[in-house]
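Residue-level listing of the chains:
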Amino acid sequence: MLTVPPELLQALESHGVASYPNEGAGLLLGTADGDGRKTVVDILPLANRWEADEQYHRFLLTDQDWLYGEIEAGQRGLELIGCFHSHPDHPAEPSEFDRNAAIPNFVYIITSVDKAQVTVSRAWLLKEDHSALEEEKIQVEQ
Amino acid sequence: MATIRIPTPLRPYTAGQAEVPVAGPTVGEVLGHLTTQYPNLKQHLYTEAGGLRAFVNVFVNDEDIRHLQGAETPVQEQDRLMIIPSIAGGAPLSER
């Protein structure tokens, strides 16, 4: 279960719309309890670092972005719990590339942005054996 | 003894430890010892083919090993290694 305040869900979706027709991406800061429940407390919209002519279907946040996220999280007493990215004109479902690049214990919110309009955002977690990402329910509340 | 910093998502596989003391003359041997000590960590660092996963970045004293000698990068007693992921993904390939 992933809890996301409505204004943060709107903000990460807006980042996807603003990035269209390219993929937008950023980091999720928040808390995680021992039972697998995570709560997003803030987001960090970031620049997509993938090669420019491939950003319509690829995103990259670098190791420096990761460190920045960890520092920001630490300063706020939070954790780096996941990331968000958009799929322009594609469903909010993980691709094979998403699966191959995914990290365990790290939430992936994917937003489908169809013709610059948000369709839906869905959350995913990598299975332990890396065979697939399983959907996590998003609870939109403060 | 050298240490290696583990990113938060991988700490469940190192008994919750953020910094793990490690031994080995090279990065490759350090990672080998680390994954022997914590076998559940191995599949998250390495592919089935045995190479480091593409978005797993290893640093020795703030230098990416890709810019050094890769797995053969020497490790000294007081070195600090870090595993820092990149995050990547994207929609299925479509023609433009």
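Higher on the page you've got the structure.
Residues numbered from 1 in each chain as written. Chains lettered and ligands numbered in written order. Predicted model: local features only at pLDDT ≥ 70, side-chain atom pairs only at ≥ 80, totals over all residues.

Colleague: How should I be thinking about the overall build of chain A in this particular structure?
Modeller: Looking only at helices and strands, chain A features 3 helices and 9 strands. In chain A, the succession of helices and strands from N to C terminus is β-α-β-β-β-α-β-α-β-β-β-β. In terms of overall dimensions, chain A is globule-like: its C-alpha atoms have a radius of gyration of 14 Å, near the 14 Å expected for 142 residues. On the principal axes, the C-alpha backbone points of chain A span a range of 40 × 30 × 30 Å. Counting all 142 residues of chain A, 49% fall into the buried class. Counted over contacts in chain A with a minimum sequence separation of 6, partners at least 24 positions apart contribute 61%. (Helix = DSSP H or I, 4+ residues; strand = E, 2+ residues; numbered from the N terminus. Rg over C-alpha atoms; globule rule 2.2 N^0.38 Å. Buried ≥ 20, exposed ≤ 12 C-beta atoms within 10 Å, placed from the backbone. Contact = placed C-beta atoms within 7 Å.)

Colleague: Sorry if this is basic, but what is going on with the environment of Ala49 of chain B here?
Modeller: Within the secondary structure, Ala49 of chain B sits in the loop between helix 2 (42-45) and strand 3 (56-60). Along the sequence, Ala49 of chain B and Leu34 of chain B sit 15 residues apart, while their C-alpha atoms lie 18 Å from each other.

Colleague: Is there a simple way to think about the sheet that holds strand 2 (residues 19-22) of chain B in this case?
Modeller: Two strands in a sheet stick together by hydrogen bonds in their backbones, pointing the same way (parallel) or opposite ways (antiparallel). Residues and elements named next belong to chain B. With mixed pairing, the 5 strands of this open sheet are ordered in space as 2-1-5-3-4. Because the sheet does not close on itself, it has two edges, and the strands there are strand 2 and strand 4 (63-64). As judged from the 4 bridges shared by strand 1 (residues 2-5) and strand 2, these two strands associate in the antiparallel manner. Bridge pairing in strand 2 places Arg5 opposite Glu19. (Pairing = 2+ DSSP bridges.)

Colleague: Looking at this model, I keep getting lost on the interface of chain A and chain B. Mind explaining?
Modeller: Quoted interface sizes are often the accessible area lost when the parts come together. Tallying the contact residues gives 27 residues for chain A and 20 residues for chain B. Counting only elements with at least two residues in the side of chain A that touches chain B, the list comes to strand 4 (59-61), helix 2 (63-75), strand 5 (79-88) and helix 3 (96-101) of chain A. The biggest single contributor to the side of chain A that touches chain B is strand 5 of chain A, with 6 residues. Examined bridge by bridge, strand 4 of chain A and strand 6 (residues 87-89) of chain B share 3 bridges and lie antiparallel to one another. Residue pairing in the sheet places Phe59 of chain A in a bridge with Gly89 of chain B of strand 6 of chain B.

Colleague: Which parts of the structure should I look at to understand the sheet that holds strand 7 (residues 117-126) of chain A?
Modeller: Residues and elements named next belong to chain A. Within the open sheet, the 8 strands sit side by side as 8-7-6-5-2-3-1-9. Their pairing is mixed. Looking at strand neighbours, the two that pair on one side only are strand 8 (133-136) and strand 9 (138-140), the edges of this open sheet. On average, adjacent strands in this sheet sit at an angle of 35 degrees to one another, irrespective of strand direction. As judged from the 3 bridges shared by strand 1 (residues 2-4) and strand 9, these two strands associate in the parallel manner. Bridge pairing links Val4 to Val140 in strand 9. (Axes fitted to C-alpha atoms, helices over the stretch in contact; angles between N-to-C directions.)

That's the geometry; what it means functionally is another story.
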